[in-house]
Amino acid sequence: MSDVLPSEFFTHPGPNPHAVTADLRAKCPVHRIDVPPGAEAYAVLGNKVVEEALGDSRLSKQVENLPAPYRDKAVANSLLVVGNLGFADPPKHTRLKKPISSAFLPSAVARLRPRIQDIVDELIDAFPQSGDIDLLTAFALPLPLTVICEYLGIPVEDRPLFLHWSYILSQDPLQHAEAELKAASQEFTEYFTRLVAERRGDPRNDLLSELIRARDAGMYSEKDLLSSLLLLIIAGHKTVANMVANGTLLLLRHPEQLGMLRTNPELIPAAIEEILRYEGSAAWASLRVAAEDMQLGGAEIPKGSFVHLSLSGAGHDPEVYDDPERFDITRSPNRHLSFGHGTHFCIGAPLARLQGEIAFSSLLRRLPGFELAVPEEEVTWLADSSLSRGLESLPIRVRERLTR
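None of the values given here were measured: they were computed from a predicted structure. (Residues numbered from 1 in each chain as written. Predicted model: local features only at pLDDT ≥ 70, side-chain atom pairs only at ≥ 80, totals over all residues. Heavy atoms only, no water.)

Enquirer: Help me understand the packing of helix H9 (residues 142-152) against helix H17 (residues 349-366), please; the structure alone is not making it clear to me.
Expert: Where H9 contacts H17, the axes come no closer than 11 Å and their chain directions differ by 135°. By the angle between their axes, H9 is oblique relative to H17. Between H9 and H17 lies a crossing of right-handed hand. For the pair H9 and H17, contact is made by Leu143, Pro144 and Val147 and by Leu351, Gln355 and Ala359, respectively. Class assignment for the residues of the contact of H9 with H17 results in five nonpolar, one polar and no charged. (Axes fitted to C-alpha atoms, helices over the stretch in contact; angles between N-to-C directions. Helix = DSSP H or I, 4+ residues; strand = E, 2+ residues; numbered from the N terminus. Parallel < 35°, antiparallel > 145°, perpendicular 65-115°, else oblique. Left-handed = near helix turned anticlockwise from the far one by under 90°. Contact = heavy atoms within 4.5 Å. Nonpolar A, V, L, I, M, F, W, Y, C, P; charged D, E, K, R; others polar.)

Enquirer: Help me understand helix H11 (residues 178-201), please; the structure alone is not making it clear to me.
Expert: The end-to-end C-alpha distance of H11 is 35 Å, a good match for the 34 Å that 24 residues give at a rise of 1.5 Å each. The set of residues buried in H11 consists of Leu181, Ala184, Ser185, Phe188, Tyr191, Phe192, Leu195, Val196 and Arg199. (Expected span 1.5 Å × (residues − 1). Buried < 20%, exposed > 50% of the residue type's maximum accessible area, 1.4 Å probe, protein only.)

Enquirer: Would you explain the pattern of salt bridges in this entry?
Expert: A side chain with one charge can pair with a side chain of the opposite charge if their charged atoms come near. Under the defined criterion, the tally for this structure stands at 27 salt bridges. Aspartate 224 serves as the salt-bridge partner of arginine 95, at 3.3 Å between the closest nitrogen and oxygen. Here the residue arginine 95 occupies a position in helix H5 (residues 92-101), and aspartate 224 occupies one in helix H13 (residues 222-253), the gap between them amounting to 129 residues. For arginine 95, a relative accessible area of 33% corresponds to the partly exposed category. Aspartate 224 gets classed as buried once you look at its relative accessible area, which sits at 8%. The residue glutamate 274 makes a salt bridge to arginine 331 at a minimum N-O spacing of 3.2 Å. In this pair, glutamate 274 is assigned in helix H15 (residues 268-279) and arginine 331 in the loop between helix H16 (311-315) and H17, connecting sequence segments 57 residues apart. Here glutamate 274 matches arginine 331 in class, with each residue buried. (Salt bridge = Lys/Arg side-chain N within 4 Å of Asp/Glu carboxyl O.)

Enquirer: Where do I start with the sheet that holds strand E9 (residues 371-372) in this structure?
Expert: Within a sheet, adjacent strands bond to each other through the backbone by hydrogen bonds, running parallel or antiparallel. With respect to topology, three strands assemble into an open sheet ordered E4-E10-E9, the strand pairing being antiparallel. Each having just a single partner strand, strand E4 (131-134) and E9 make up the two edges of the open sheet. As paired strands, E9 and strand E10 (residues 395-398) are joined by two bridges and run antiparallel to one another. Counted as the bridge partner of leucine 372 is isoleucine 396 from E10. (Pairing = 2+ DSSP bridges.)

Enquirer: Mind showing me how you'd approach the environment of serine 102 here?
Expert: Within the fold, serine 102 resides in the loop between H5 and helix H6 (106-110). Along the backbone, serine 102 and serine 7 are 95 residues apart, and their C-alpha atoms lie at a distance of 39 Å.

Enquirer: I would appreciate a short explanation of the pairing of strand E2 (residues 41-44) in the present structure.
Expert: On E2, burial covers both faces: Ala41 and Ala43 on one face and Tyr42 and Val44 on the other are all buried. Bridge count between strand E1 (residues 30-32) and E2: three bridges; the pairing is antiparallel. What sits directly across from arginine 32, in E2, is tyrosine 42. Pairing between E2 and strand E8 (residues 306-309): four bridges, direction parallel. Opposite alanine 43, over in E8, you have histidine 308 as the bridge partner.

Enquirer: What's the story with the packing of H15 against H17 in this structure? I'm lost.
Expert: Pairs of packed helices are described in terms of their axes, by the angle between the two and the distance that separates them. At their nearest, the axes of H15 and H17 sit 10 Å apart, and the two run at 115° to each other. Put simply, H15 runs roughly perpendicular to H17. For H15 against H17, the interelement crossing comes out right-handed. Packed against H15, whose contacting residues are Ile268, Ile272, Glu273 and Ile275, the element H17 presents Arg353, Gly356, Glu357, Phe360, Ser361 and Leu364 at the interface. Among the residues forming the contact of H15 with H17, the class breakdown is five nonpolar, two polar and three charged.

Enquirer: Explain H9 here, please?
Expert: In an α-helix, one full turn covers 3.6 residues, which means residues spaced three or four apart are oriented alike. The buried fraction of H9 amounts to 10 of the 11 residues, a majority that puts the element mostly inside the structure. Those residues of H9 that fall on the buried side of the exposure criterion are Pro142, Leu143, Pro144, Leu145, Thr146, Val147, Ile148, Cys149, Tyr151 and Leu152.

Enquirer: Mind showing me how you'd approach the nonpolar core here?
Expert: Nonpolar side chains tend toward joint burial in soluble globular proteins. Counting residues in each nonpolar core, the largest one holds 93 residues, and the members touching the most others are Phe139, Phe162, Phe188 and Phe192. Here this core gets 17 residues from one element, more than from any other, and that element is H13. Setting aside chain neighbours within four positions, we find phenylalanine 162 in contact with Leu145, Cys149, Ile154, Tyr167, Phe188, Tyr191, Phe192, Ile233 and His237. The next biggest cluster of nonpolar side chains, apart from the first, holds 19 residues, and it includes Tyr42, Leu59, Val307 and Leu337. (Core = buried A, V, L, I, M, F, W, Y, C linked by side-chain atoms within 4.5 Å.)

Enquirer: Looking at this structure, how should I read the packing of aromatic side chains?
Expert: Both the distance between ring centres and the angle between the ring planes are used here to describe each pair of aromatic rings. Applying the stated criterion across every chain, the model contains 14 aromatic pairs. Their ring planes at 75° and their centres at 6.1 Å tell us that phenylalanine 127 and phenylalanine 139 sit as a pair that is edge-to-face. With a gap of 12 residues between them, phenylalanine 127 in the loop between helix H7 (113-125) and E4 and phenylalanine 139 in helix H8 (residues 135-140) connect regions that are remote in the sequence. In terms of burial, phenylalanine 127 and phenylalanine 139 fall into one category: buried. With a centroid separation of 5.3 Å and an interplanar angle of 85°, the aromatic rings of phenylalanine 162 and tryptophan 165 are classed as edge-to-face. In this pair, phenylalanine 162 and tryptophan 165 both sit in helix H10 (residues 160-169), three residues apart, roughly one turn of the helix. (Phe/Tyr/Trp six-rings, centres within 6.5 Å; stacked < 30°, edge-to-face > 60°.)

Structure, rendered in structure tokens:
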């Protein structure tokens with residue numbers, strides 16, 4: 001392995017991290033990395049090794065398996081890392097997943113199509129007939145936030161609160177400001193404690209009521225319930241928002257692909273898979289730590305080490321993808337790891353894909369000739385999140401907005 005990679009490689013990848021990753025991956029699929037600073041940690045960049053690691057039970061997602069100082073800090077500073085299936089190993093993961101799994105089956109998600117289409121059209125209706133908008137704040141963010149909040153049964157007037165909470169609480173608890181994390185966790189806990197009490201006395205046909213029933217049946221603790229709600233809200237909107245914004249930017253950067261998609265809208269599902277491969281919503285998989293001494297990609301990984309799996313690096317590996325730097329909406333086969341693999345494959349993948357399909361088909365149908373409103377180099381990527389791969393904004397120019 002080479003010298004230890006700086007933490008900036010993980011947290012501040014820049015506008016085009018793929019070239020840097022390619023050089024590192026060509027030397028070795030596994031590298032030491034200073035994340036968290038001073039810890040024993042490794043970055044995994046090759047597709048084959050990332051896929052193996054995603055399915056390796058020796059890599060634990062439970063915060064209890066972190067080395068003591070990091071474990072104590074993570075538990076103290078973030079509600080997100082305790083009590084939900086995103087940070088649990090079997091059998092705990094199995095128990096936490098059971099109450100919500102049926103709600104995200106493709107058959108259940110398909111029933112949401114008419115309502116998602118309504119939400120998409122309502123958002124586009126609010127665009128100017130012509131003029132400039134930020135597609136991120138006007139469309140990509142409110143779409144999935146509205147969908148997941150409606151699915152859960154959260155009052156419409158309270159939804160703006162979740163943009164702030166999810167932004168803070170999705171940060172790395174080992175590196176983000178403790179005061180902000182604690183304050184946001186407290187606010188979130190107080191809000192949902194009140195809402196759960198109200199909904200327990202007035203159950204409805206929504207996912208929140210289903211989770212409350214699971215809590216009352218002994219499947220969840222109160223902390224499990226709150227942590228699971230937070231995970232659903234964060235994962236349910238940030239990843240989809242990034243997919244829509246990142247994908248729109250990719251299409252605008254590749255006008256021949258955008259033109260092909262306008263002419264052949266049946267390619268939208270395939271285009272979504274290529275967007276996820278090329279510039280997925282998450283650059284890195286979430287927390288993993290070696291529960292025992294192990295080998296990975298020829299590297300010795302000591303017990304207690306952090307192991308960071310690069311989903312972005314896996315998606316651009318030339319050993320798996322022909323000409324991986326080519327954005328090609330007709331690419332086939334196109335099996336990627338953007339939703340994970342194995343036990344922790346993203347439970348919300350069917351809902352994310354459905355929202356992407358409806359979002360892109362509606363934007364292409366109703367906004368002929370839209371374009372970037374600023375030079376491409378002025379579109380900037382977020383640099384304060386270790387996991388998300390998203391834009392700060394996406395200014396576009398609407399030439400014409402068609403009716404539904």
